[in-house]
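# Coordinate inspection notes
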Amino acid sequence: MQRTVVPSLSPRCCPNPPSSGRTQARPSRRRSSRPPPRPRPRQTGGTGAVKKEAQIDLSTAVAVLKTEKGTIEISFFNQDAPKTVTNFTKKIIGKLYDDTSFHRVERESMIQSGSRFQSIETLPLEISDHKHVRGAVAMAKEEGASVSDASEFYICLRDLPDLDGDYTVFGKVIKGIEITDRIAQGDKITKATIRTTP
């Protein structure tokens, strides 16, 4: 059986974020020679304001990410990760993912991006039966942490079973999976919107 190798971090992703002191590390079930998806180092300055969102039916909502290489559409697992889905849609409505870059691209593994403004905001883990399969969308976190970063998300380019059970998988790519394969480091999300399907 081929062993899944967790992709390495870019140099921007090494420092740990500030800790509230109230979270406890979760033991890692499996070891990998490379670190898992982690948020970028925190930056000083504004954290950005999330605009008040309109009422949206998250059970039918779809995130539309327009990138320099094409459009990616993501449906949500709202019943299994309601807090994560609500946070993600709020940031999109607040335009916090507009004009942001995919700052980490691991060929044949994952692509990762985050909002324009970073803070110490975190989210509770919402672990479910959803797996890290090709097209899965999940939130990054520090290795072993019991909370997710509230900004950084990644899209799996292939199955990554070593990450199952440790990260919040909150959606999947339903259109434009071929676009994810063409994303290069530095490519931008030019505009992110939420569409509700009938």
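Residues numbered from 1 in each chain as written. Predicted model: local features only at pLDDT ≥ 70, side-chain atom pairs only at ≥ 80, totals over all residues. Heavy atoms only, no water.

### Regarding the sheet that holds strand β2 (residues 70-76)
How we decide: The pairing criterion for strands is at least two bridges between them, as found by DSSP. Secondary structure elements are taken from DSSP: a helix is a run of H or I of four residues or more, a strand is a run of E of two residues or more, and numbering for both begins at the N terminus. The convention used is that axes are lines fitted to C-alpha atoms, helices contributing only their stretch in contact, and that angles between N-to-C directions extend from 0 to 180 degrees. We call two residues in contact when some of their heavy atoms are within 4.5 Å.
If you trace the eight strands once around the closed barrel, you get β1-β2-β9-β6-β8-β4-β3-β10, paired in antiparallel fashion. Ignoring which end each strand starts from, the neighbouring axes of this sheet average 35° apart. As judged from the six bridges shared by strand β1 (residues 61-67) and β2, these two strands associate in the antiparallel manner. Bridge assignment links Lys 66 to a residue of β2, and that residue is Thr 71. Lying over the sheet, helix α1 (residues 82-93) contacts β1, β2, β6 (136-139), β8 (153-156), β9 (169-175) and β10 (188-196), oriented at roughly 115° with respect to β10.

### Considerations on the packing of aromatic side chains
This is how it is decided: Pairing of aromatic rings covers Phe, Tyr and Trp, the last counted by its six-membered ring, and requires centre-to-centre distances within 6.5 Å; plane angles under 30 degrees mean stacked, over 60 mean edge-to-face, and any other angle means tilted. Only protein chains enter the calculation, and the probe is 1.4 Å; a residue is then buried if its accessible area is under 20% of its type maximum, exposed if over 50%, and partly exposed in between.
One pass over the full model with this rule turns up seven aromatic pairs. With a centroid separation of 6.4 Å and 15° between ring planes, the pair formed by Phe 76 and Phe 170 is classed as stacked. Taken as a pair, Phe 76 in strand β2 and Phe 170 in strand β9 lie far apart in primary sequence, 94 residues in all. Pair check on accessibility: Phe 76 and Phe 170 agree, each one buried. Taking 5.2 Å as the distance between ring centres and 80° as the angle between the ring planes, the aromatic pair formed by Phe 88 and Phe 153 counts as edge-to-face.

### Describing the pattern of salt bridges
Rules: The salt bridge definition used is simple: a Lys or Arg side-chain nitrogen within 4 Å of an Asp or Glu carboxyl oxygen.
Counted according to the given criterion, the structure contains six salt bridges. A salt bridge links Asp 187 to Lys 69; the shortest N-O distance between them is 2.7 Å. Placement of the pair is Asp 187 in the loop between α2 (177-182) and β10 and Lys 69 in the loop between β1 and β2, with a sequence separation of 118 residues. A residue is classified by how much of its surface remains accessible, and Asp 187, at 10% relative accessible area, is buried.

### Quick look at α1
Rules: How far a helix is expected to stretch is found by multiplying one less than its residue total by 1.5 Å.
For α1, built from 12 residues, the straight-helix expectation of 16 Å at 1.5 Å per residue is met to within 8% by its first-to-last C-alpha distance of 16 Å. All buried positions along α1 are accounted for by Thr 84, Val 85, Asn 87, Phe 88, Thr 89, Lys 91 and Ile 92. Directly beyond the C-terminal end of α1, a positive phi value near 65° is found at Lys 95.

### Topic: the nonpolar core
Going by this rule: We call a set of buried residues a nonpolar core when its members are Ala, Val, Leu, Ile, Met, Phe, Trp, Tyr or Cys and they connect through side-chain atoms within 4.5 Å of each other.
In terms of nonpolar packing, the biggest core is built from 27 residues, with Leu 65, Ile 74, Phe 76, Phe 88, Ile 92, Phe 153 and Phe 170 touching the most fellow members. When contributions to this core are tallied by element, the ones reaching two or more residues are β1, β2, α1, β3 (100-106), β6, β8, β9 and β10. Look past the residues within four positions of Phe 76 in its chain and what remains in contact with it is Leu 58, Ala 61, Val 62, Ala 63, Val 85, Phe 88, Thr 89, Phe 170, Gly 171 and Ile 194.

### Re the pairing of β9
Direction of pairing for β2 relative to β9: antiparallel, over a ladder of four bridges. Looking at β9, one finds that Ile 74 is bridged to Val 173. Looking at chain direction, β6 and β9 are connected through three bridges and run antiparallel. If you follow Ala 138 over to β9, its bridge partner there is Val 169.

### Some details on the confidence of the model for the protein chain
Cut-off, in case you're wondering: A residue's pLDDT is simply how confident the predictor is in it, with values from 0 to 100.
Scored by pLDDT, the protein chain comes out at a mean of 82, with 72% of its residues at no less than 70. Confidence over residues 1-28 falls short of pLDDT 50; this stretch has 64 contacts with residues more than four positions distant or in other chains.

### A look at the environment of Glu 142
Among the secondary structure elements, Glu 142 is positioned in the loop between β6 and β7 (147-149). Judged by its relative accessible area of 9%, Glu 142 falls in the buried class. Considered as a pair, Glu 142 and Arg 38 are 104 residues apart in the sequence and their alpha carbons are 5.0 Å apart.

### A word on the side chain of Ser 113
Which entries qualify depends on this criterion: What qualifies as a polar contact is a pair of N or O atoms within 3.5 Å, subject to a donor-acceptor requirement within protein and to the restriction that residues adjacent in sequence count only when both atoms come from side chains.
Within the secondary structure, Ser 113 sits in strand β4 (residues 110-113). Here Ser 101 takes part through its backbone oxygen, which lies 2.9 Å from a polar atom of the side chain of Ser 113. Other than its neighbours up to four places away in sequence, Ser 113 contacts Thr 100, Ser 101, Phe 102, His 103, Ser 151, Glu 152, Phe 153 and Ile 189.

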